[in-house]
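# Coordinate inspection notes
Here is how the chains run, residue by residue.
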Amino acid sequence: LCASKRLSRLKGLVMATKSEFITNMTASWIAQKSPFPFELAAGKKYAWCACGRSASQPLCDGSHKGTGISPIVITAEKSETVYFCGCKRTRTTPFCDGTHSTL
Ligand code: FES
Ligand code: FES
């Protein structure tokens, strides 16, 4: 390989690594491939982790900082059991819509 070809290959590698890094920084992570059953208490506010990085799943612990992703905040209308999305790929945030079964 001539030097310029080698350099352009190296540049390609650096670009790929960079874009992977950016994707990893900004994409939501799969916390688990199943929903989290959760007991809501009427009138209470909950912040669902949308980024998948929280250590207190399914709720936000602030770990989304720097990702550009924000939690979804809901106020419980009544006390009931809900199923929060754990895979973070649902189209009906913050609740599971079954998308996890396709992952
Ligand atoms: Fe995931 Fe806050 S930690 S949205
Ligand atoms: Fe995400 Fe079911 S856990 S769609």
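Quick summary incoming for the structure in this document. Please read these numbers as outputs of a predicted model, since none were measured by experiment.

### Quick word on the overall build of the protein chain
In terms of helices and strands, the protein chain carries 1 helix and 4 strands. Sequence-ordered secondary structure for the protein chain, helices as α and strands as β, is α-β-β-β-β. Scored against the burial criterion, the 103 residues of the protein chain give a buried share of 26%. For the protein chain, contacts bridging at least 24 residues in sequence account for 59% of all contacts bridging at least 6.

### Observations concerning the packing of aromatic side chains
A full pass over the atoms with the stated rule returns 3 aromatic pairs. Between Phe-38 and Tyr-46, the ring centres sit 5.4 Å apart and the planes meet at 80°, which makes this aromatic pair edge-to-face. For the pair Phe-38 and Tyr-46, a shared accessibility class is recorded, and that class is buried. Centre to centre, the rings of Phe-38 and Phe-84 are 5.2 Å apart; their planes meet at 65°, and the pair counts as edge-to-face. In this pair, Phe-38 sits in strand S1 (residues 36–40) while Phe-84 sits in strand S4 (residues 80–84), placing the two residues 46 residues apart along the sequence. On the basis of relative accessibility, which here comes to 18%, the residue Phe-38 falls in the buried class. Taking relative accessible area as the criterion, Phe-84 reaches 1% and is therefore assigned buried. Put simply, the rings of Phe-38, Tyr-46, Phe-84 and Phe-95 touch in pairs and so form one group of aromatic residues.

### Section: the pattern of salt bridges
In the structure shown here, the tally under the stated rule is 1 salt bridge. Note that Arg-91 is salt-bridged to Asp-97, the shortest N-O span being 3.5 Å. Using a relative accessible area of 70% as the deciding quantity, one classes Arg-91 as exposed. Using a relative accessible area of 29% as the deciding quantity, one classes Asp-97 as partly exposed.

### Looking at the side chain of Ser-28
Within the secondary structure layout, Ser-28 lies in the loop between helix H1 (3–26) and S1. In terms of polar contacts, Ser-28 uses its side chain to reach the side chain of Arg-89, at 2.9 Å.

### Overview of a nonpolar patch on the surface
Residues Leu-7, Leu-10, Leu-13 and Val-14 make up a contiguous nonpolar surface patch of about 390 Å² in total accessible area. Along the polypeptide, Leu-10 turns up in helix H1.

### With respect to the environment of Ala-47
For Ala-47, the location among the structural elements is in strand S2 (residues 45–48). The exposure class assigned to Ala-47 is partly exposed, which follows from its relative accessible area of 24%. Those residues in contact with Ala-47 that lie beyond four places of it in its chain are Pro-58, Leu-59, Cys-60, Pro-71, Ile-72 and Val-73.

How each quantity is defined
Sequence order as written defines the numbering, with residues in each chain counted from 1. Chains and ligands are labelled sequentially in the order written, the chains with letters from A and the ligands with numbers from 1. Given that the model is predicted, a residue must reach a pLDDT of at least 70 before its local features are reported, and side-chain atom pairs must reach 80 or more before they are shown or counted; all residues, however, enter totals for whole chains, interfaces and linings. Values reported for side chains reflect all heavy atoms of the structure, with hydrogen atoms and water molecules removed beforehand. Runs of H or I in DSSP of at least four residues are treated as helices and runs of E of at least two as strands, each being numbered from the N terminus. For every residue, the accessible area (1.4 Å probe, protein chains only) is compared with the maximum for its type, and the residue is labelled buried under 20%, exposed over 50%, or partly exposed between those bounds. A contact between two residues is defined here by any heavy atoms of the two lying within 4.5 Å. Here the aromatic set is Phe, Tyr and Trp, taking the six-membered ring for Trp, and pairing holds for ring centres within 6.5 Å; pairs whose planes are under 30 degrees apart are stacked, those over 60 apart are edge-to-face, and all others are tilted. Just to be clear on terms, a salt bridge is a Lys or Arg side-chain nitrogen sitting within 4 Å of an Asp or Glu carboxyl oxygen. As used in this structure description, the phrase polar contact means that two N or O atoms lie within 3.5 Å; if the pair is within protein, one of them must be able to donate a hydrogen and the other to accept it, and residues adjacent in sequence are counted only when both atoms belong to side chains. Without a salt bridge and with relative accessible area above 30%, a residue can belong to a patch; like charges are then joined within 9 Å and nonpolar side chains (Val, Leu, Ile, Met, Phe, Trp, Tyr) within 5 Å. Here, Shrake-Rupley sampling with a 1.4 Å probe gives the accessible areas, and only protein chains in the shown set may cover a residue.

As far as function goes, none of this settles anything; it's purely spatial.
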